[in-house]
Amino acid sequence: MDGARWREVEEEEDDDTDKRKDMDGETIWNRKRILSCPMEIQQRAFEQQLYIAAELEMPVSIHVVKAWGELFHSLDNVRDKMRQKYLKEEEDALQKIESKQSRKKNKKPKHRLLPPTIYFHAFSGKAGVINSILAACEKGNVSRENVFFGFAPAIPNFYTSNTPTIMRQIGIYQLVIETDLEDSTNVCTDLQRGVEGIASAFDVDAYQVADITYQNAKRLYFGRL
């Protein structure tokens, strides 16, 4: 979800247009900024996709820019929707149970209310939001070890002074290498930059970083192998 892309629009003229004329008689338009895509539309599309991924137990990649409050609200909505889905399934199953004794023995399973693995692509959040993200995922019965983060060298925040601190707070076993490039020409160079950035943050060998993040990616997309 993107809360950073804005565009200017011209407001419609009103009855006082004549009062807003410049020296040449041209209308001076009042301009205002709006999100390129309204947030309610972004949230609706995001929640629908997240719900499908949760139902199918597929991994998801999430990108958030200046919309963390909206993200947490959407996670709440999807968890509630999944919870209602499982409650309905359990009620249907209970109707088929004839014996009260067998009904007592039937324990409710702990259902996952969000996709099984969640990846925050090109992470640009501050250190303080990380625990909130992990807590929100845990509410959906997604363990912290199944929540991953990526830092793209193509994004300026990769080079800020606080990024190594945020990487260490997340932990090397929850990081995945990425580029976020539209042109594949420099992908290998950017992947190398990503490896070197993590190696510097954790003071470990680049080859070790490459191996660890490769194993992380396999866990992310294919589960624990």
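The notes below deal with the structure included here. On a predicted model such as this, the values are computed, not experimentally measured, just so you know.

The rules behind each value
Residue numbering note: each chain is counted from 1, following its sequence as written. Local features in this predicted model are restricted to residues of pLDDT 70 or higher, and side-chain atom pairs are both shown and tallied only at a pLDDT of 80 or more, whereas totals for entire chains, interfaces and linings draw on every residue. Think of the side-chain values as coming from all heavy atoms in the structure, minus any hydrogens and water. The helix count covers DSSP runs of H or I at least four residues long, the strand count covers runs of E at least two residues long, and both are numbered beginning at the N terminus. Should any heavy atoms of two residues lie within 4.5 Å, those residues are counted as being in contact. Values of accessible area rely on a 1.4 Å probe in the Shrake-Rupley scheme; residue burial ignores everything except the protein chains shown. Only protein chains enter the accessibility calculation, which uses a 1.4 Å probe. A residue is then buried if its area is under 20% of the maximum for its type, exposed if over 50%, and partly exposed in between. In this description, the arc belongs to the directions extending from the helix axis to the C-beta atoms. Any Lys or Arg side-chain nitrogen found within 4 Å of a carboxyl oxygen on Asp or Glu counts as a salt bridge. We call a set of buried Ala, Val, Leu, Ile, Met, Phe, Trp, Tyr and Cys residues a nonpolar core when their side-chain atoms join them within 4.5 Å. Each helix should span, by expectation, one fewer than its residue count multiplied by 1.5 Å. N or O atoms closer than or at 3.5 Å make up a polar contact, with two conditions inside protein: a donor-capable atom paired with an acceptor-capable one, and, for residues adjacent in sequence, both atoms drawn from side chains. A positive count includes Lys and Arg, and a negative count includes Asp and Glu. His and the chain ends are not counted in either.

Attention shifts here to the overall build of the protein. In terms of helices and strands, the protein carries seven helices and six strands. Ordered by position in the sequence, the α and β elements of the protein form the string β-β-α-β-α-α-β-α-β-α-β-α-α. A fraction of 72% describes how many contacts in the protein between residues 6 or more apart in sequence connect residues 24 or more apart. Accessible surface, the protein as shown: approximately 14,300 Å² in total, 49% of it carbon and sulfur.

Okay, helix α4 (residues 127-139) next. Because an α-helix packs 3.6 residues into every turn, residues spaced three or four apart end up facing the same way. Of all the residues in α4, the buried ones are Val129, Ile130, Ile133, Leu134, Ala136 and Cys137. Mapping the buried residues of α4 onto a view down its axis gives an arc of 160°, with all of them on the same face. Projecting away from the buried face of α4 at angles above 90 degrees are the exposed residues Gly128 and Lys139. Contacts made by the buried residues of α4 are with α2 (68-94), β4 (118-120), β5 (147-150) and α5 (163-170). Positioned one or two residues after α4, Asn141 has a phi angle of 65°, which is positive.

According to the stated counting rule, one finds seven salt bridges in the structure shown. A salt bridge links Arg79 to Asp76; its shortest N-O distance comes to 2.1 Å. Placement of the pair is Arg79 and Asp76 together in helix α2, with a separation of three residues, close to one helical turn. Residue class for Arg79 comes out buried when judged on its relative accessible area of 5%. The exposure class assigned to Asp76 is partly exposed, which follows from its relative accessible area of 32%. In this structure, Arg193 and Asp190 form a salt bridge, with 2.5 Å as the shortest nitrogen-oxygen distance. Here Arg193 pairs with Asp190, and both are found in helix α6 (residues 187-202), just three residues apart, close to one helical turn. Its relative accessible area of 5% is what places Asp190 among the buried residues.

This part takes up the nonpolar core. Judged by nonpolar contacts, the single largest core of 46 residues is most densely connected at Ile62, Leu71, Phe120, Phe123, Ile133, Phe149 and Phe151. Sequence-distant contacts of Phe123, defined by excluding residues within four places in its chain, comprise Trp68, Val129, Ile130, Ile133, Phe149, Gly150, Phe151, Asn157 and Ile166. Listed in part, the five residues of the second largest apolar core include Tyr119, Phe148, Ala217 and Leu220.

Spanning 17 residues, helix α7 (residues 206-222) covers 24 Å between terminal C-alpha atoms, matching the ideal 24 Å at 1.5 Å per step. Each element contacted by the buried residues of α7 is listed here: β4, β5, β6 (175-176) and α6. The opening residue of α7, the one whose side-chain oxygen lies 2.7 Å from the backbone nitrogen of Tyr207, is Asp205. Gly223 sits one or two residues past α7 and shows a positive phi near 85°.

What follows is about the side chain of Glu47. For Glu47, the location among the structural elements is in helix α1 (residues 39-56). Of the buried charged residues, Glu47 lacks a salt bridge, with Lys81 as the closest side chain of opposite charge at 7.5 Å. Beyond its immediate stretch of four places on either side in the chain, Glu47 contacts Ser74, Asn77 and Val78.

The subject of this paragraph is unusual backbone geometry. Although it is not a glycine, Lys66 adopts a positive phi angle of roughly 50°. In this fold, Lys66 is placed in the loop between β3 (60-62) and α2. The phi angle at Asp203 is positive, at roughly 55°, despite the residue not being glycine. As for its placement among the helices and strands, Asp203 is situated in the loop between α6 and α7.

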